Amino acid sequence: MAGFDKVVSSYEEAMAGLTDNMTVIAGGFGLCGIPENLIAEIKRKGTKGLTLVSNNCGVDDFGLGVLLPDRQIKKIVASYVGENAEFERQMMAGELDVELTPQGTLAEKMRAGGAGIPAFYTATGVGTPVAEGKDERKFNGRDYILEESIVGDFAIVKAWKADRYGNLVFRKTARNFNPLAATAGKITVVEVEEIVEPGELDPDQIHTAGIYVDRLIQGTFEKRIEQRTVRPSNTQGEK
Amino acid sequence: MTLLREQIAQRVAQEMQDGYYVNLGIGIPTLVANYIPDGMEVMLQSENGLLGMGQFPTEEEIDADLINAGKQTVTMAKGASIFDSAESFAMIRGGHVDLTVLGAFEVDVNGNIASYMIPGKLIKGMGGAMDLVAGADNIIVTMTHASKHGVSKLLSNCTLPLTGKGCIKKVLTDLAFIEIKAGKFHLLERAPGVSVEEIIKLTEGELVVTGNIPEMTF
């Protein structure tokens, strides 16, 4: 690596420095836009006691779910954890600490963390279990709770394309939490489908600027689909 | 006759207006998309970062990078846009979505809603539901009026952990269309063939019935 070139040559190098008990923020929604090879590398490394921050926890044998059997995750901060039997078992048995967090609050925690904002007020969760132990304050007659932002020791991100400087372009709804996670890692590692030379991406079309990215690697992806839903090919469908 | 899931969706669709941006939750709310009146333009918001959700793809159109909030493969409608999750919830929390339709386990006379967990039994998480009920002004909850065993889900006080406090004003069940105001349920419409008495019997929270209650029309 030299100058702004963020490209690393192996997944081992991409996740170097990840040690037990660190906090990892992961992009992705369900199995869409997850950094699947970076997750696989964490499994291979066998790092334990991790706090994972991610909207979901994958399924039993794909995505973050693969870190469950070896008990690599100590705590997870997520908004939705259905569709994962081992997850539910560990949670009910008290083996896994789960902090259920509203999806918008989770996104904003990452965004704020990356922007140097330590906390923010939101109406989401007022009067619910989410508000327990949090500061409450009224603005213009309405109640809000104070939510603290999140910064990760590592952020793992999946983008579609990048240039060698780490400027990122995402594709369709695989964007989701990825740009937010990218801003909130002390070390942000990104895997992409294609790496091009600096200058080849249109600066107006870049979603995440390279300043947030520390390491970049090109991978191949399974892109598993969770709910394959189709209409017959000879119809226009409803609307 | 109690309403079928499709009929609940059909009745909700009558609340749509031309030019509405609408967020539909998972389950019955998703079906509402099938009953948007002809000639009306409605843009569906999917909280994973898509405004302008289209129909399901054909086998050839399937794209693993394009899903909805229920993780189903979808397509994009003409004029769609894509954004990240913080932006998506900025739309929701900022009150920019015109109508939100979502399911629930329980609602009560004070507009409280419980929809995300049953302690010791079912813990899946709130997803975007807490943001939606806190951020939206115009919300319709779709649910069954009572459990299979006849236990009311329209209560004087929710018993399950809340998703939101004091935020629900309209509920459409398989028996009735109900408005919540001033700490009471108000019966607006009943399902065809369902009597007012039947609805009263299955509504645990205080229900106000004023005058003749019309049947829903489809």
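Owing to the predicted nature of the structure, the values given are computational and were not obtained by experimental measurement.

Student: I tried to follow the pattern of salt bridges on my own but got confused; where do I start?
Tutor: On inspection of all chains with the given rule, the structure shows 29 salt bridges over all chains. Here D65 of chain B and R171 of chain A are joined by a salt bridge, their closest N and O atoms 2.7 Å apart. Taken as a pair, D65 of chain B in the loop between strand 3 (50–53) and strand 4 (76–82) and R171 of chain A in the loop between strand 10 (168–169) and helix 5 (178–183) lie in two separate chains rather than in one. Take D65 of chain B: its relative accessible area is 2%, and that puts it in the buried class. Of the residues examined, R171 of chain A reaches a relative accessible area of 23% and is grouped as partly exposed. A salt bridge links K172 of chain A to D63 of chain B; the nearest nitrogen and oxygen atoms lie 3.1 Å apart. A residue pair is termed interchain when its members come from two chains, as with K172 of chain A in the loop between strand 10 and helix 5 and D63 of chain B in the loop between strand 3 and strand 4.

Student: I keep staring at the pairing of strand 1 (residues 20–24) of chain B and nothing clicks. Help me out?
Tutor: All names here are of chain B. With 4 of 5 residues buried, strand 1 is to be regarded as a mostly interior element. In the sheet, strand 1 pairs with strand 2 (residues 42–46) via 4 bridges, with the strands oriented parallel. Residue pairing in the sheet places Y20 in a bridge with V42 of strand 2. In this sheet, strand 5 (residues 99–103) lies alongside strand 1 in parallel orientation, the contact comprising 3 bridges. The residue of strand 5 that forms the bridge with V22 is L99.

Student: I tried to follow the packing of aromatic side chains on my own but got confused; where do I start?
Tutor: Each aromatic ring pair is described using two quantities: the centre-to-centre distance and the angle formed by the ring planes. In total, this model carries 3 aromatic pairs over all chains according to the counting rule given. Between the aromatic rings of Y121 of chain A and F139 of chain A, the centroid separation amounts to 5.1 Å while the plane-to-plane angle is 65°, which identifies the pairing as edge-to-face. Separated by 18 residues along the polypeptide, Y121 of chain A in strand 5 (residues 119–122) and F139 of chain A in strand 6 (residues 136–139) bring together distant segments of the chain. Joined through ring pairs, the aromatic side chains of Y121, F139 and Y144 of chain A make up one cluster. In this structure, R142 of chain A packs its charged tip against the face of Y144 of chain A, placed 6.0 Å from the ring centre. Above the plane of the ring of F29 of chain A lies K71 of chain B, whose end atom (NZ or CZ) is 5.3 Å from the centre.

Student: Even after reading the chapter, I still don't get helix 3 (residues 85–93) of chain B, so can you show me in this structure?
Tutor: The α-helix winds at 3.6 residues per turn, so residues separated by three or four positions along the chain end up facing the same way. If you check which residues of helix 3 of chain B are buried, you get S85, A86, S88, F89, M91 and I92 of chain B. Just beyond helix 3 of chain B, the residue with positive phi is G95 of chain B, at close to 75°.

Student: Help me understand the side chain of T203 of chain B, please; the structure alone is not making it clear to me.
Tutor: All names here are of chain B. Here T203 is to be found in the loop between helix 5 (196–201) and strand 15 (207–208). We classify T203 as buried; its relative accessible area is 8%. Side chain to side chain, T203 and H145 meet in a polar contact 2.8 Å long. A distance of 2.6 Å separates a polar atom in the side chain of T203 from the backbone oxygen of I199. With near-sequence residues (within four places) excluded, T203 lies in contact with H145, S152, L154 and F185.

Student: Would you explain the side chain of S152 of chain B in this entry?
Tutor: Residue and element names in this part refer to chain B. Along the chain, S152 falls in the loop between strand 10 (139–143) and strand 11 (154–155). Residue classification places S152 among the buried positions, given a relative accessible area of 12%. Polar contacts involving the side chain of S152 include one to the main-chain amide nitrogen of L154, which spans 3.1 Å. In this structure, S152 is in contact with H145, A146, L202, T203 and E204, ignoring residues within four places of it in sequence.

Student: In this structure, what is going on with the interface of chain A and chain B? I would like to understand it.
Tutor: Accessible area lost on assembly of the parts is the figure often given for the size of an interface. If you look at the interface, chain A gives 56 residues, while chain B gives 54 residues. Across the chain A to chain B interface the summed buried area is about 4500 Å²; carbon plus sulfur atoms make up 57%. Where chain A touches chain B, the interface holds 6 salt bridges. Among the salt bridges present, the one from R171 of chain A reaches D63 of chain B, with a minimum N-O distance of 2.7 Å. Broken down by secondary-structure element, the contributors of at least two residues to the side of chain A that touches chain B are helix 3 (85–92), helix 4 (103–114), strand 5 and helix 5 of chain A. Here the side of chain A that touches chain B takes 6 residues from helix 4 of chain A, the largest share from any one element.

Student: What is the right way to read the packing of helix 4 of chain A against helix 3 of chain B from this model?
Tutor: Think of two packed helices as two axes; the pair is described by the angle between the axes and how far apart they sit. Viewed as axis vectors pointing N to C, helix 4 of chain A and helix 3 of chain B meet at an angle of 125°, and their least axial separation amounts to 9 Å. As summarised for this structure, helix 4 of chain A and helix 3 of chain B are arranged oblique, according to the angle between their axes. Considering how the two elements wind past one another, helix 4 of chain A and helix 3 of chain B form a crossing that is left-handed. Residue-level contacts link Q103, G104, T105, A107, E108 and R111 of chain A of helix 4 of chain A to S85, A86, F89 and R93 of chain B of helix 3 of chain B. Grouping the constituent residues of the contact of helix 4 of chain A with helix 3 of chain B by class yields 3 nonpolar, 4 polar and 3 charged.

Student: Can you walk me through the sheet that holds strand 12 (residues 194–196) of chain A in this structure?
Tutor: Picture the strands of a sheet paired through backbone hydrogen bonds; they go either parallel or antiparallel. Residue and element names in this part refer to chain A. On the basis of which strands lie adjacent, the open sheet formed by 3 strands has the order 10-9-12 and mixed pairing. Of all the strands in the sheet, just strand 10 and strand 12 have a single pairing partner and so form its edges. Across 3 bridges, the pairing between strand 9 (residues 161–163) and strand 12 is parallel. Bridging across to strand 12, A162 finds its partner in I195.

What counts and how
- Residues numbered from 1 in each chain as written.
- Chains lettered and ligands numbered in written order.
- Predicted model: local features only at pLDDT ≥ 70, side-chain atom pairs only at ≥ 80, totals over all residues.
- Heavy atoms only, no water.
- Salt bridge = Lys/Arg side-chain N within 4 Å of Asp/Glu carboxyl O.
- Helix = DSSP H or I, 4+ residues; strand = E, 2+ residues; numbered from the N terminus.
- Buried < 20%, exposed > 50% of the residue type's maximum accessible area, 1.4 Å probe, protein only.
- Pairing = 2+ DSSP bridges.
- Phe/Tyr/Trp six-rings, centres within 6.5 Å; stacked < 30°, edge-to-face > 60°.
- Lys NZ or Arg CZ within 6 Å of the ring centre and 35° of its normal.
- Polar contact = N/O pair within 3.5 Å; in protein donor to acceptor, adjacent residues only side chain to side chain.
- Contact = heavy atoms within 4.5 Å.
- Buried area = accessible area lost by both parts, 1.4 Å probe.
- Axes fitted to C-alpha atoms, helices over the stretch in contact; angles between N-to-C directions.
- Parallel < 35°, antiparallel > 145°, perpendicular 65-115°, else oblique.
- Left-handed = near helix turned anticlockwise from the far one by under 90°.
- Nonpolar A, V, L, I, M, F, W, Y, C, P; charged D, E, K, R; others polar.

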